[in-house]
Amino acid sequence: MCVIALFKKSKPTEEIIKQMSSINKDGAGVAWREDGVVNWRKGLSNETLFRITKELKLPFVVHFRFGTVGKNSKHLTHPFPVSKDIELDVVGSGKDVIFHNGHWEGWRDYCLGYIQTRSIRLPKGDFSDSRAIAWMVYHYGFEFLKLLPDTNKFIVMTPKHLWSSGDFKEKDGNWYSNLYWERTEVVTRYGWNADTQSWNKPSDDEKETKDEVVDGKTVEDTYGDEIFRSRENEYSV
């Protein structure tokens with residue numbers, strides 16, 4: 001699942017932070033620009049994140065992780081620095097960082113082939129597809145992101161620029177990679193099942209029920225088979 005949020009018009013309230021983390025429980029991170037560098041902190045609790053963002057100047061970027069690729073570790077929360085060693089520091093500063101919402105299915109094979117053909121060292125520490133993407137961007141440049149499935153969404157923050165890729169949703173002047181966190185009950189019910197490593201899907205009886213309405217649409221309309229087929233491998237970071 002995951003969600004990236006670019007706050008450029010207003011700061012997140014405690015309630016918004018709670019909503020976004022309720023279905024993305026594996027750690028939060030934030031990045032902001034100051035004194036010519038990008039700073040980040042990650043592996044944060046809701047309370048710490050709210051305290052930090054209260055003091056920051058707009059704009060800044062927040063990410064909540066729902067980990068299905070790689071360990072559920074604070075070091076694999078976002079953002080990741082675009083650097084030679086893609087450091088796993090939970091507090092840091094640098095030139096460019098990247099936030100990811102999506103899934104790169106073939107990342108292990110791609111990285112293995114890259115190492116074998118170039119005889120280079122794999123950076124130390126745990127990996128996820130998002131960390132692998134940051135590593136590839138360091139070697140190939142940001143154009144590498146165009147090679148990934150277009151279901152992936154990114155925000156890149158540099159000391160002078162903010163760049164996004166993918167379909168972001170605007171709400172109250174801020175940008176979100178998805179708004180599923182507004183539908184917590186439905187997403188939790190039909191979301192990712194860590195035990196079966198698959199998406200929970202409505203039963204045939206539930207598909208016939210038109211009573212539950214979200215944003216003017218029924219559960220069937222919003223979370224039917226078509227959505228599950230198209231997004232089965234999407235939100236996994």
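Going by the structure above, here's the rest.
Residues numbered from 1 in each chain as written. Predicted model: local features only at pLDDT ≥ 70, side-chain atom pairs only at ≥ 80, totals over all residues. Heavy atoms only, no water.

## What about the overall build of the chain?
Scanning the chain from N- to C-terminus turns up eight helices and 15 strands. Per-residue burial for the chain yields a buried fraction of 48% across its 237 residues. Here the analysis covers contacts within the chain between residues at least 6 apart in sequence; of these, 69% occur between residues at least 24 apart. Accessible surface, the chain as shown: approximately 12100 Å² in total, 47% of it carbon and sulfur. (Helix = DSSP H or I, 4+ residues; strand = E, 2+ residues; numbered from the N terminus. Buried < 20%, exposed > 50% of the residue type's maximum accessible area, 1.4 Å probe, protein only. Contact = heavy atoms within 4.5 Å. Areas by Shrake-Rupley, 256 points an atom, 1.4 Å probe, with all protein chains shown as cover.)

## Description of helix 3 (residues 107-118)
Taking 1.5 Å of rise per residue, the 12 residues of helix 3 would be expected to cover 16 Å, and the 17 Å separating its terminal C-alpha atoms lies within 8% of that figure. Along helix 3, the residues that are buried comprise Trp107, Cys111 and Tyr114. Taken end-on, helix 3 shows its buried residues confined to a sector of 60°, consistent with a single buried face. Every exposed residue of helix 3 that faces more than 90 degrees away from the buried side is listed here: Arg108, Asp109, Gln116 and Thr117. One or two positions beyond helix 3, positive phi appears at serine 119, with a value near 50°. (Expected span 1.5 Å × (residues − 1). Arc of directions from axis to C-beta.)

## As for the pairing of strand 8 (residues 153-157)
Burial of strand 8 is extensive: five of the five residues sit out of reach of the surface. A two-sided burial pattern is seen for strand 8, the buried positions comprising Lys153, Ile155 and Met157 on one face and Phe154 and Val156 on the other. Where strand 8 and strand 9 (residues 162-165) come together, four bridges link them in antiparallel fashion. Residue pairing across strands places phenylalanine 154 opposite serine 165, the latter belonging to strand 9. (Pairing = 2+ DSSP bridges.)

## Observations regarding the pattern of salt bridges
Evaluation of the coordinates by the stated rule reveals four salt bridges. Its salt-bridge partner being arginine 121, residue aspartate 85 comes within 2.9 Å of it at the nearest N-O pair. Of this pair, aspartate 85 sits in the loop between strand 5 (80-81) and strand 6 (91-94) while arginine 121 sits in the loop between helix 3 and helix 4 (129-140), and the two are 36 residues apart along the sequence. Residue classification places arginine 121 among the partly exposed positions, given a relative accessible area of 48%. The partner of glutamate 182 in a salt bridge is lysine 171, and the shortest N-O contact between them spans 3.0 Å. Highlighted residues: glutamate 182 in the loop between strand 11 (174-176) and helix 5 (184-189) and lysine 171 in strand 10 (residues 169-171), separated in sequence by 11 residues. (Salt bridge = Lys/Arg side-chain N within 4 Å of Asp/Glu carboxyl O.)

## Thoughts on the packing of aromatic side chains
Scanning the model with the defined rule gives 12 aromatic pairs in all. With centroids separated by 5.6 Å and ring planes inclined at 75°, the aromatic side chains of tyrosine 114 and tryptophan 135 adopt a geometry described as edge-to-face. Of this pair, tyrosine 114 sits in helix 3 while tryptophan 135 is found in helix 4, placing the two residues 21 residues apart along the sequence. There is no split in this pair, since tyrosine 114 and tryptophan 135 are both buried. Relative to phenylalanine 144, the ring of tyrosine 140 has its centre 5.8 Å away and its plane inclined at 10°; by these criteria the two rings are stacked. The partly exposed category is assigned to tyrosine 140, whose relative accessible area is 38%. (Phe/Tyr/Trp six-rings, centres within 6.5 Å; stacked < 30°, edge-to-face > 60°.)

## Topic: the sheet that holds strand 11
Taken together, the seven strands give an open sheet; going across it, the order is 6-3-2-4-1-11-10, and neighbouring strands pair in antiparallel fashion. The strands lining the two open edges of the sheet, one partner per strand, are strand 6 and strand 10. When the angles between neighbouring strand axes are averaged without regard to direction, this sheet yields 20°. By the bridge criterion, two bridges tie strand 1 (residues 3-7) to strand 11 in an arrangement that is antiparallel. The residue bridging alanine 5 from the neighbouring strand is tyrosine 176, located in strand 11. Its contacts with the sheet place helix 2 (residues 46-55) against strand 2 (28-34), strand 3 (37-44) and strand 4 (60-64), and it is angled at close to 155° to strand 3. (Axes fitted to C-alpha atoms, helices over the stretch in contact; angles between N-to-C directions.)

## Points about unusual backbone geometry
The omega torsion of the bond from leucine 58 to proline 59 falls at 0°, within 30 degrees of zero and hence cis. Mapped onto the secondary structure, proline 59 falls in the loop between helix 2 and strand 4. Of note, the bond from histidine 78 into proline 79 is cis; its omega dihedral lies within 30 degrees of zero at 15°. Structurally, proline 79 is set in the loop between strand 4 and strand 5.

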